[in-house]
Amino acid sequence: MKKEDTVKLISAEGFEFVVDKEAAMVSQTIHNMLTSPGSFAEREHGEVTFPEISTTILEKICQYFYWHLQFASGKETEFPIEPELTLELMMAANYLHT
């Protein structure tokens, strides 16, 4: 996989998740950051830092991106969410427009 086909998502604690760009584009916010005209750092470096999103939540969001791609292609499965993550996950999903 080429570097330009991936994007690096960085959590508040500095943990890095390298995901397929197609999966990350599930998020309208990330999509806008990576495709907006101009020389934004996110677009130039292919990485997005989320200082307000914890590693645990960002990991779950990355899982959701891939789940969404499967679901969009017609493969229906449930996406499990642990109850203790629900509130933080909802806030992050709202920010990311996912």
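Residues numbered from 1 in each chain as written. Predicted model: local features only at pLDDT ≥ 70, side-chain atom pairs only at ≥ 80, totals over all residues. Heavy atoms only, no water.

Looking at an unreviewed UniProt entry, the protein chain carries the name Elongin-C, with the source organism given as Sphenostylis stenocarpa. In the Pathway (unreviewed entry) part of its UniProt record, the protein chain is described as follows: "Protein modification; protein ubiquitination." (UniProt positions renumbered as here; feature names shortened; annotations may be inferred.)

It is worth spelling out the overall build of the protein chain at this point. Helices and strands together make up the secondary structure of the protein chain, namely 5 helices and 3 strands. Ordered by position from N to C terminus, the α and β elements of the protein chain give β-β-α-α-α-β-α-α. Computed over the C-alpha atoms, the radius of gyration of the protein chain is 13 Å, within 12% of the 13 Å expected from 2.2 N^0.38 for a compact globule of 98 residues. Along the three orthogonal principal directions, the C-alpha set of the protein chain runs to about 40 × 30 × 20 Å. Counting only residues that meet the buried cut, the protein chain has 34% of its 98 residues in that class. The contacts of the protein chain with a sequence gap of at least 6 include a subset with a gap of at least 24, amounting to 60%. The average position of the 7 basic charges and that of the 16 acidic charges among the side chains of the protein chain differ by 9 Å. (Helix = DSSP H or I, 4+ residues; strand = E, 2+ residues; numbered from the N terminus. Rg over C-alpha atoms; globule rule 2.2 N^0.38 Å. Buried < 20%, exposed > 50% of the residue type's maximum accessible area, 1.4 Å probe, protein only. Contact = heavy atoms within 4.5 Å. Lys, Arg positive; Asp, Glu negative; His and termini not counted. Charge placed at Lys NZ, Arg CZ, Asp CG, Glu CD.)

With that out of the way, let us pick up the pairing of strand β1 (residues 6–10). Residues in a regular strand project their side chains so that they alternate between the two faces of the sheet. In terms of residue burial, β1 counts as a mostly covered element, since 4 of its 5 residues are buried. Two strands pair when backbone bridges link them, and β1 and strand β2 (residues 16–20) are joined in this way by 5 bridges, in the antiparallel orientation. Across the sheet, residue Leu-9 finds its bridge partner in β2, namely Phe-17. Linking β1 back to β2 in an antiparallel pair, the connection comprises 5 residues, with Gly-14 at a positive phi of about 95 degrees. Taken together, the 3 bridges between β1 and strand β3 (residues 47–49) define a ladder with parallel strand orientation. Bridge pairing in β3 places Lys-8 opposite Glu-47. (Pairing = 2+ DSSP bridges.)

Our next topic: the sheet that holds β3. Taken in spatial order, the 3 strands line up as β2-β1-β3 in an open sheet, and their pairing is mixed. Each end of this open sheet is capped by a strand with a single partner; those strands are β2 and β3. Sheet twist, expressed as the mean angle between neighbouring strand axes with direction ignored, is 20 degrees. Each of β1 and β2 is contacted by helix α4 (residues 55–72), which is oriented at about 10 degrees to β2, the strand it contacts most. (Axes fitted to C-alpha atoms, helices over the stretch in contact; angles between N-to-C directions.)

For the rest of this paragraph, the subject is α4. Taking 1.5 Å of rise per residue, the 18 residues of α4 would be expected to cover 26 Å, and the 26 Å separating its terminal C-alpha atoms lies within 8% of that figure. For α4, the set of buried residues is Thr-55, Ile-57, Leu-58, Lys-60, Ile-61, Cys-62, Phe-65 and Trp-67. Contact partners of the buried residues in α4: β1, β2, α1 (21–24), α2 (28–35) and α5 (86–96). Directly beyond the C-terminal end of α4, a positive phi value near 100 degrees is found at Gly-74. (Expected span 1.5 Å × (residues − 1).)

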